[in-house]
Every structure is written in C-alpha cells, then in structure tokens.
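One-letter residues, chain by chain:
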Amino acid sequence: MNQSPRSITLLLHEMATGQGDVEKLYERVRFQFHRIAENLMRGRPPHEAPPSTAIADDIFLDMIDLGEFHWENRRAFFAYAATAMRRRIANHFRDANRIKRGGDFQQQPLTGNILVDARSDIPEQMVEVSDLLDSLHEKHPLAIEALDHWAFGNWTFEEIAGMMDKTEHQVEYLVRIGKKIAERAIREANH
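Remember, it's a predicted structure, so these values are computed and weren't measured experimentally.

Asks: Provide a residue-level description of the environment of G153, including the pertinent values.
Replies: With respect to the helices and strands, the residue G153 is situated in the loop between α7 (141-151) and α8 (157-164). Taking the relative accessible area as the measure of exposure, G153 reaches 5% and is therefore buried. In this structure the C-alpha to C-alpha distance between G153 and R42, which are 111 residues apart in sequence, comes to 9.0 Å. Those residues in contact with G153 that sit more than four places away from it in its chain are N39, L40 and D148.

Right, dumping it as structure tokens:
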C-alpha cells in the first residue's frame, strides 16, 4: 500500500472537497497515529494511562468531526494530531490526579531538563511540560513544534524533518532553540 506523503496529502484535499473516503484516509494514517500515541505513552504505567489505540482512534474521529476539514498538508494534519494526543493524555492525567487528591491538581516541580520532564513516569510532570509547551507555542511555533515531537513523540530528527518539511539540520537547530526557550521558562517559573 502506498503511504507516500503525496497520497496522504491528496486524500486530505479530497476530504476538504467532500469527495474523500474517511476509511481510506484512516487506513493510510492509522500506523502513524498509533505510533504517535504509543510514543507519547512510552514509560507510563499501563494501569494509569489510557490505551494508545483508543487515543489514536478518538483523535482521528475528533479531527474528522471538526466540521470544516481543511488541512493545508500532511504536516499540519499530523502536527495537529500529535498535539491533540499530548493534550488528551495530559488532561487524562490531570483529571486522574484531581480524583486521586480529591480536588485540585497537584503541581509537580519541573527539573529544568525538558527531556527528563517530558518523559518522566510522574504524570504530573508530563502535565506541567504539556501546559508549558502550549503556553510557548504561540510565540515560538516552529521551535516548540519540533521540540514537542522530539521530547514527547520520541521521533528522530529525520522523522520530524519529513513531517515539518525541513532538513534534519534545521530540525536539530529548532529542537535546540525550543529546549533553550522551554528551559528558560522553567527557570523563570521556579524563581
């Protein structure tokens, strides 16, 4: 089966015009959606985390149900999916923490090392980093998007480059900048 970026982009454009086949699109993106969800769940205790298959399927259905289906390209489509999955997982942990604690969410101080915090097995740290990235994304969209995929998605620079239509060198630079921005924000928040 051809899963080339071009075929996925073509299916996205067909969906935007009302001519697309939802099942055919999902067949083409399913592997990548599940991979995103599995990478986000890596290192999380299975009894505390929602199943990655359910997250991938739910996010795809949510994206289809958005009404206006206009994705510029596959990069925008997968970037939106990855961010939506990270937020869904963070919200799951946030809600579980509230129930466990009987009320307010208990914040977990961040270490200042964005990779350690993002991949921590402490759900509260994952929530804190997720919220931090959301707050920084508007001002630094490319650097934070690259950092998000690298730190949470556990993607290689090559994979991120393909999705963002950048070179590996550009992605490595964006991740370095994103780390510096995020780690500076953590230091400022801790003072």
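Next, the rest of the story.
Asks: Any details on empty space enclosed by the protein? Residues and values, ideally.
Replies: Per the stated rule, a full pass over the model turns up one cavity of 30 Å³ or more. The calculated volume of the largest cavity comes to roughly 40 Å³. Taken together, I36, L40, A82, T83, R86, D148, H149, F152, G153 and W155 make up the full set of residues lining the largest cavity. Listed by contribution, the elements that provide at least two residues to the lining of the largest cavity are α2 (22-41), α4 (74-101) and α7. Top contributing element to the lining of the largest cavity by residue count: α4, with three residues. When its residues are assigned to classes, the lining of the largest cavity shows five nonpolar, three polar and two charged.

Asks: Break down helix α3 (residues 52-64) for me, with residues and values.
Replies: Each α-helix turn comprises 3.6 residues. Residues three or four places apart therefore point the same way. The terminal C-alpha atoms of α3, which comprises 13 residues, lie 18 Å apart, in line with the 18 Å expected from a rise of 1.5 Å per residue. Turning to α3, its buried residues are S52, I55, A56, I59, F60, M63 and I64. An end-on view of α3 places all buried positions within 165 degrees of arc, on one side of the element.

Asks: Help me get a handle on unusual backbone geometry, residues and values and all.
Replies: A positive phi angle is found at D165, which is not glycine, with a value near 55 degrees. Summarising the element assignment, D165 is placed in the loop between α8 and α9 (168-190).

The rules we used
Residues numbered from 1 in each chain as written. Predicted model: local features only at pLDDT ≥ 70, side-chain atom pairs only at ≥ 80, totals over all residues. Heavy atoms only, no water. Helix = DSSP H or I, 4+ residues; strand = E, 2+ residues; numbered from the N terminus. Buried < 20%, exposed > 50% of the residue type's maximum accessible area, 1.4 Å probe, protein only. Contact = heavy atoms within 4.5 Å. 1 Å grid on protein atoms, 1.4 Å probe; cavity = no way out; pocket = protein on both sides within 12 Å on 5 of 7 lines; lining within 4 Å. Points joined across faces, edges and corners; volume = space filled by probe spheres on them. Nonpolar A, V, L, I, M, F, W, Y, C, P; charged D, E, K, R; others polar. Expected span 1.5 Å × (residues − 1). Arc of directions from axis to C-beta.

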